[in-house]
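What follows is the residue order along each chain.
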Amino acid sequence: MSTTTASRAAAPWWAGALAGFLAAASGVAAGTAVAALLQGVPSPIESVGNRAIDYAPPFLKEFAVRQFGTADKPVLIGGVVAALALLAVVAGIVGRRRPRVAIGAVALIGAVAVVCAAIDRTTTASRALTLVPSIVTAVVSLGALVLLLGNLRAREQAAAAHPLGLGRRGFLKASLGITALALVGGVVGRVFGDAAAAASRAGIRLPRAATVAPPVPSGVEVGVSGVSDYLTPNRDFYRVDTALRIPDVPAEGWRLRIHGMVDRELNLSYRDLMGMALEEHRVTLTCVSNEVGGPYVGNALWLGVRTATLLKMAGVQAGANAIKSTSADRWTAGTPLETVTDDRNAMVAIGMNGEPLPLAHGFPARLVVPGLYGFVSATKWLTDIEVTRFSDFKGYWTTRDYTALAPIKFSSRIDVPTSFQTFDRDKARFGGVAWAQTVGIARVEVSIDKGDWVEATLGAEDNTETWRQWSYRWDDATPGNHQLTIRATTKDGDTQTSDRAPIRPNGTTGWHSVQFRVE
Ligand SMILES: Nc1nc2c(c(=O)[nH]1)N[C@H]1C(S)=C(S)[C@@H](COP(=O)(O)O)O[C@H]1N2
Ligand SMILES: [Mo]
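Residues numbered from 1 in each chain as written. Chains lettered and ligands numbered in written order. Predicted model: local features only at pLDDT ≥ 70, side-chain atom pairs only at ≥ 80, totals over all residues. Heavy atoms only, no water.

### Brief notes about the sheet that holds strand S18 (residues 480–490)
Thought 1: If you trace the five strands from one edge of the open sheet to the other, you get S12-S19-S18-S14-S15, paired in mixed fashion. The two strands at the open ends of the sheet, each matched to only one other strand, are strand S12 (421–423) and strand S15 (454–455).
Thought 2: Judged from the three bridges that link them, S12 and strand S19 (residues 512–518) form a sheet pairing that is parallel. Directly across from Gln421, in S19, lies its bridge partner Phe516. (Pairing = 2+ DSSP bridges. Helix = DSSP H or I, 4+ residues; strand = E, 2+ residues; numbered from the N terminus.)

Okay, structure coming up:
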């Protein structure tokens, strides 16, 4: 049917673009669907995103957190998808004339996905299984591309003789078929993704603690509306981690291994933990990435087993000075041994505010260590604790320009006023929170328009591991624009410095200020 005189004019650019796009979309959809059916295996897009997270320079991570907050993950996924779509469209357009170049380009993209899967630390399945989705993606994309470009070329050669010939119809059919495949893949991916941990969690009833937390003292809340709740509800609790997709770890097969410089290695199941002497403690967690006045701090009631108890069972050997904790997604933290064996309430937690840990906060188990930033202590989806020495390893963020030791820098925050909030003259009442975990807050002071420091009223103290609310009523408020600044002083007598320190390498310092208006 083709003749040597057939026009060599290429198919229109949009047909090439469509071919490239559909090839990539069907491959990604198929790979995502396969990943959803294989428990613990990241999808190809996630694997590429996961590599991007680990290789991104620390300043870029800080930029992303600052710009997008907790939306940084959807933004990253969107970026990977957009870049892939663009490459695929360009490959398709080029492929109208130079199919080999297009096929080579798509093969290369597929190879990148396979390599990313091969080194994706976040998988909780075997390495061989982890490769399957990206291989499926590569094969399906290449197959779809060859089919679509072949039809485009057939069309082009037959165009003169058969304006509605095999080629065009074939291209149409192939496009529809591939679109259908992509949609089915997308639906499968949605329906089957991440089901195991959620089902496992739904079936758990937490036992009552052997050591129950004392009731929250009355007066911890200062009664200023707009001030953060004393106990942060789980749904409002900040979330910070490197996980593009929450690790899907059902409690049933989960194990916590405690090993390294110990006399007896422990290998505990979730049931084992539930059967131990559980304790309840209220502890305020804080992220090193919290800017002065920022949102990455929250207070919860944790239920768990003391790390000191577990380490005593294992028998720590002389010379150890650290624990290296590892998660199901192979994130790591290094924590001073002393902080998980002294009398602060460090624990392997399985409950948060009366529920099993939420999936986003580490189900089935995590570490909580009062007084340390999360990146050196609060490992979620915990699976492994190695008793070791700081000289023998580095935690995830410590290999990325953060320090190995990172006690929380005590701080304070204004919740009310919010920026440019307006008050009636007789209703200028302010409030917020202050924290100095393991030491305790002694005093919070406010300064209006850079005037003298005046003591604020503190809410009742619960314990030294939690934050404390403060409030202040400005009795002689004057109309106009004003600035409120606060600073806290600890029970050790240290007062917050006005010197600003950046997030990296070990947390911010400085005073929080807010502009407001009185009418
Ligand atoms: N597995 C894992 N655990 C992790 C992290 C992580 O990236 N991966 N981030 C840590 C950091 S930096 C902080 S501040 C706390 C935050 O805990 P949250 O999300 O429950 O508030 O988790 C810690 N535990
Ligand atoms: Mo953090």
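### Things to note about the packing of helix H1 (residues 13–37) against helix H4 (residues 72–95)
Thought 1: Relative orientation of the contacting elements H1 and H4 amounts to 135 degrees, with a least axis distance of 7 Å. Between H1 and H4, the angle falls in the class oblique. Where H1 crosses over H4, the two elements pack in a sense that is right-handed. Residue-level inspection shows Trp13, Gly16, Ala17, Gly20, Phe21, Ala24 and Val28 of H1 in contact with H4, the latter providing Leu84, Ala85, Ala88, Val89, Gly92 and Ile93.
Thought 2: Of the residues belonging to the contact of H1 with H4, the class tally is 10 nonpolar, three polar and no charged. (Axes fitted to C-alpha atoms, helices over the stretch in contact; angles between N-to-C directions. Parallel < 35°, antiparallel > 145°, perpendicular 65-115°, else oblique. Left-handed = near helix turned anticlockwise from the far one by under 90°. Contact = heavy atoms within 4.5 Å. Nonpolar A, V, L, I, M, F, W, Y, C, P; charged D, E, K, R; others polar.)

### A closer look at the confidence of the model for the protein chain
Thought 1: Of all residues in the protein chain, 95% attain a pLDDT of 70 or more, and the chain-wide mean is 93.
Thought 2: Confidence over residues 1–7 falls short of pLDDT 50; this stretch has three contacts with residues more than four positions distant or in other chains.
Thought 3: Note that pLDDT drops below 50 for residues 162–166; the model gives that stretch four contacts with residues more than four away or on any other chain. (pLDDT = per-residue confidence, 0-100.)

### Re the nonpolar core
Thought 1: Judged by nonpolar contacts, the single largest core of 73 residues is most densely connected at Ile258, Tyr270, Leu273, Trp302, Val348 and Ile350.
Thought 2: Not counting chain neighbours up to four residues away, the residues in contact with Val348 comprise Leu256, Leu273, Leu303, Gly304, Val305, Thr307, Leu310, Ala365, Arg366, Leu367, Leu382 and Ile385.
Thought 3: Core analysis: the second largest hydrophobic core is formed by 25 residues, Val227, Val416, Phe423 and Trp474 among them. (Core = buried A, V, L, I, M, F, W, Y, C linked by side-chain atoms within 4.5 Å. Buried < 20%, exposed > 50% of the residue type's maximum accessible area, 1.4 Å probe, protein only.)

### A closer look at the site of ligand 1
Thought 1: Taken together, 18 residues sit near ligand 1, with Tyr238, Thr242, His361, Arg366 and Lys380 positioned nearest.
Thought 2: Interatomic distance of 2.7 Å between a backbone N/O atom of Tyr238 and an oxygen atom of ligand 1.
Thought 3: In the model, an oxygen atom of ligand 1 is placed 2.8 Å from a nitrogen or oxygen of the Thr242 main chain.
Thought 4: Expressed as a share of its isolated accessible area of 530 Å², the protein-covered part of ligand 1 is 99%.
Thought 5: Of all the cavities here, the one that holds ligand 1 is the largest pocket.
Thought 6: Looking at the shell around ligand 1, its residues break down into eight nonpolar, five polar and five charged. (Near = heavy atom within 4 Å. Polar contact = N/O pair within 3.5 Å; in protein donor to acceptor, adjacent residues only side chain to side chain. Areas by Shrake-Rupley, 256 points an atom, 1.4 Å probe, with all protein chains shown as cover. 1 Å grid on protein atoms, 1.4 Å probe; cavity = no way out; pocket = protein on both sides within 12 Å on 5 of 7 lines; lining within 4 Å. Sits in = over half its atoms within 2 Å of the grid points.)

### Concerning the layout of surface pockets
Thought 1: Empty space within the largest pocket amounts to approximately 870 Å³.
Thought 2: The wall of the largest pocket is formed by 42 residues, among which Asp72, Lys73, Val240, Asp241 and Thr242 lie closest to the centre.
Thought 3: Listed by contribution, the elements that provide at least two residues to the lining of the largest pocket are helix H2 (44–55), helix H3 (58–68), H4 and strand S3 (279–286).
Thought 4: Of all the elements, H3 adds the most residues to the lining of the largest pocket, at six residues.
Thought 5: Looking at the lining of the largest pocket residue by residue, the classes come out as 25 nonpolar, nine polar and eight charged.
Thought 6: Counting the residues that make up the lining of the largest pocket, at least three belong to each of domain 1 (3–193) and domain 2 (234–399). (Points joined across faces, edges and corners; volume = space filled by probe spheres on them. Domains from an automatic or database assignment.)

### Digging into the packing of aromatic side chains
Thought 1: In this structure the tally under the stated criterion is 17 aromatic pairs.
Thought 2: Through a chain of ring-to-ring contacts, the aromatic side chains of Trp331, Phe375, Tyr396, Trp397 and Tyr402 assemble into a single cluster.
Thought 3: The cationic tip of Lys61 hangs over the ring face of Trp397; the distance from NZ or CZ to the ring centre is 4.4 Å.
Thought 4: Between Arg400 and the ring centre of Tyr396, over which it is positioned, the NZ or CZ distance is 3.7 Å. (Phe/Tyr/Trp six-rings, centres within 6.5 Å; stacked < 30°, edge-to-face > 60°. Lys NZ or Arg CZ within 6 Å of the ring centre and 35° of its normal.)

### Focus on the environment of Val340
Thought 1: By secondary structure assignment, the location of Val340 is in the loop between strand S6 (332–336) and strand S7 (347–352).
Thought 2: Judged by its relative accessible area of 1%, Val340 falls in the buried class.
Thought 3: Ignoring sequence-local partners within four residues, the contact set of Val340 consists of Thr307, Ala308, Leu311, Ile323, Thr335, Ala346 and Val369.

### Points about the pattern of salt bridges
Thought 1: All chains considered together, the criterion is met by 22 salt bridges.
Thought 2: Between Asp241 and Lys380 there is a salt bridge; the shortest N-O distance is 2.8 Å. Separated by 139 residues along the polypeptide, Asp241 in the loop between helix H8 (196–202) and strand S1 (255–260) and Lys380 in the loop between strand S9 (366–368) and strand S10 (382–388) bring together distant segments of the chain.
Thought 3: A relative accessible area of 8% places Lys380 in the buried class.
Thought 4: Notably, a salt bridge pairs Arg257 with Glu265, separated by 2.8 Å at the nearest N-O pair.
Thought 5: Connected via shared salt-bridge partners are Lys73, Arg239, Asp241 and Lys380. (Salt bridge = Lys/Arg side-chain N within 4 Å of Asp/Glu carboxyl O.)

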